[in-house]
Amino acid sequence: MTRPSELSPDEAFATLMAGNRRFVDGTPEHPNQDAVRRADLAPGQAPFAVLFGCSDSRLAAEIVFDRGLGDLFVVRTAGHVIGPEVLGSIEYGVSVLGCPLVVVLGHDSCGAVAAARQAVEEGIPAQGYVRDVIEKVTPSVLAARAAGHTEDRDFIAEQIRHTVHLLLERSNILSEAMAEGDLAIAGLAYRLTDGIADLITLNGADHVGAAA
Ligand SMILES: [Zn+2]
C-alpha cells in the first residue's frame, strides 16, 4: 500500500531543512526510528522527499537531515551523476510514491568533482566505468572554468545546478509535476565540517525567492 505524502512541496522542504538544523545544532530527535514506526511501514512507504545525493560516505541522508524509516527515498551516485536508472528511480519516488520534493545533495571536497577537474586540468584519465562518472561531471567543470571560477565551492555549486537542470530537462514526469504545483526540486550543498546544507537552488516552491 502506498499513499501520497500529505505534505506540500513547501512543507516538505521546511521539514527537511528543520532536520538539518537539528543535526547541525547537535539536538537530533531521531524521529521515526523505533519498532512502532518499523511495523507501521511494513505495508507500504510514503516518504516525503526523494534524496538524490553523492555516494560519499560522509553525507548519510537520514543522519544529516535527522530523519528515520520511511521518510526519504534515497538515490545516490558518485558526484550525483544521472543515467536512466537514476532518472527512473527518482521518477518512481515522485509519480508512484507521491513525493512532493526532490533534493539534489552535493558537498564540498567531492571526489568525483575533484577527479573531473583533474581530468580537465591535467589530462589524467580515469579507469573503467569511473570514466563514465568523470565524463558526466566534466560539463560542470568546463562551465565553472569558463565563468572564471577557481574555488572548490563554485565547482560544487555548478554541478548541483547542472544536476537540477538535467532532472527537469530529461524527465517529463518531474517537469510536469512541478508545473502542476505538486513538486519542488532543491539543490543543496553540504558542508562536511559543520554539517550545514546550504541552499543553492530551489525550483517549484512558493518561497523560490530564497534561492541563491
Ligand atoms: Zn561527492
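Structure shown above.
Residues numbered from 1 in each chain as written. Predicted model: local features only at pLDDT ≥ 70, side-chain atom pairs only at ≥ 80, totals over all residues. Heavy atoms only, no water.

**Notes on the overall build of the protein**
Basically, it comes down to this: Counting from the N terminus, the helices are DSSP H or I runs at least four residues long and the strands are E runs at least two residues long. What the globule rule says is 2.2 Å times the number of residues to the power 0.38, and the radius of gyration is computed from C-alpha atoms.
In terms of regular secondary structure, the protein is built from eight helices and five strands. Counted from the first residue to the last, the protein has its helices and strands arranged as α-α-β-α-β-α-β-α-α-α-α-β-β. Relative to a compact globule of 212 residues, whose C-alpha radius of gyration would be 17 Å, the protein shows 17 Å and is just as compact. Seen along its three principal axes, the alpha-carbon backbone of the protein occupies a region of about 55 × 40 × 40 Å.

**Brief notes about the sheet that holds strand β5 (residues 197-203)**
Going by this rule: By the convention used here, strands pair only if DSSP detects at least 2 bridges between them. Only C-alpha atoms enter the line fits that serve as axes; for helices the fit covers just the stretch in contact. Angles between N-to-C directions range over 0 to 180 degrees. Here, residues are in contact when the closest pair of their heavy atoms is within 4.5 Å.
Taken in spatial order, the five strands line up as β2-β1-β3-β4-β5 in an open sheet, and their pairing is mixed. Looking at which strands have only one partner, the edges of the open sheet turn out to be β2 (72-77) and β5. Each strand of the sheet is rotated relative to its neighbour by a mean of 20°, with strand direction disregarded. Where strand β3 (residues 101-107) and strand β4 (residues 184-190) come together, seven bridges link them in parallel fashion. Bridge pairing in β4 places Val-102 opposite Ile-185. Helix α1 (residues 9-25) contacts β2, β3, β4 and β5 of the sheet and is inclined by roughly 15° relative to β4.

**Observations concerning the coordination of the zinc ion**
Stated precisely, the cut-off is as follows: For Na, K and Ca the donor cut-off is 3.2 Å, and for all other metals it is 2.8 Å, counting N, O and S atoms only; because water is absent from this set, sites may look incomplete. Relative accessibility thresholds used throughout: buried, under 20% of the residue-type maximum; exposed, over 50%; partly exposed, between the two (1.4 Å probe, protein chains only).
Coordination of the zinc ion by the protein comes from Cys-54 (SG), His-107 (NE2) and Cys-110 (SG), over a distance range of 2.0 to 2.2 Å. Along the chain, the residues that donate to the zinc ion are spaced as C-x52-H-x2-C. With Cys-54 in strand β1 (residues 49-54) and Cys-110 in the loop between β3 and α5 (111-122), the pair connects residues that are 56 residues apart, well separated along the chain. The class for Cys-54 is buried, based on a relative accessible area of 5%. Note on Cys-110: relative accessible area 2%, which makes it buried.

**Description of α1**
Residues spaced three or four apart along an α-helix point in a common direction, a consequence of the helix completing one turn every 3.6 residues. The cut-off we apply is this: How far a helix is expected to stretch is found by multiplying one less than its residue total by 1.5 Å.
Here α1 is 17 residues long and its end C-alpha atoms lie 24 Å apart, about the 24 Å a rise of 1.5 Å per residue gives. Within the sequence span of α1, burial applies to Pro-9, Asp-10, Ala-12, Phe-13, Leu-16, Met-17, Gly-19, Asn-20 and Arg-22. Residues of α1 that are buried sit in contact with α3 (61-64), β2, β3, β4 and β5.

**Re the packing of aromatic side chains**
Quick note on the threshold: Any two of the Phe, Tyr and Trp rings considered here, Trp counted by its six-membered ring, make a pair once their centres fall within 6.5 Å; the pair's planes then place it as stacked at under 30 degrees, edge-to-face at over 60, or tilted in between. Comment: the charge-over-ring label is applied if NZ (Lys) or CZ (Arg) is within 6 Å of the ring centre and within 35 degrees of the ring normal.
Applying the stated criterion across every chain, the model contains one aromatic pair. Plain terms: the ring middles of Phe-73 and Tyr-92 are 5.8 Å apart, the flat faces sit at 40° to each other, and that makes the pair tilted. Of this pair, Phe-73 sits in strand β2 while Tyr-92 sits in helix α4 (residues 84-96), placing them 19 residues apart in sequence. Over the face of the ring belonging to Phe-155 we find Arg-117, whose NZ or CZ atom lies 3.7 Å from the ring centre.

**What about the nonpolar core?**
As a reminder of what qualifies: Note on terminology: a nonpolar core comprises buried Ala, Val, Leu, Ile, Met, Phe, Trp, Tyr and Cys residues joined through side-chain atoms within 4.5 Å.
Judged by nonpolar contacts, the single largest core of 39 residues is most densely connected at Ile-90, Val-102, Leu-167 and Ile-185. The contact partners of Val-102, leaving out residues within four places of it in the chain, are Val-50, Ile-90, Val-94, Leu-167, Leu-183, Ala-184, Ile-185 and Ala-186. Core analysis: the next-biggest nonpolar cluster, separate from the first, contains 23 residues, Ala-12, Phe-48, Ala-49 and Leu-51 among them.

**Points about the environment of Leu-7**
Locating Leu-7 in the fold gives a position in the segment before α1. For Leu-7, a relative accessible area of 29% gives the class partly exposed. Each C-alpha atom of the pair Leu-7 and Leu-101 lies 9.3 Å from the other, and the pair is 94 residues apart in sequence. Residues contacting Leu-7, with those up to four places away along its chain left out, are Ala-12, Thr-15, Phe-48 and Pro-100.

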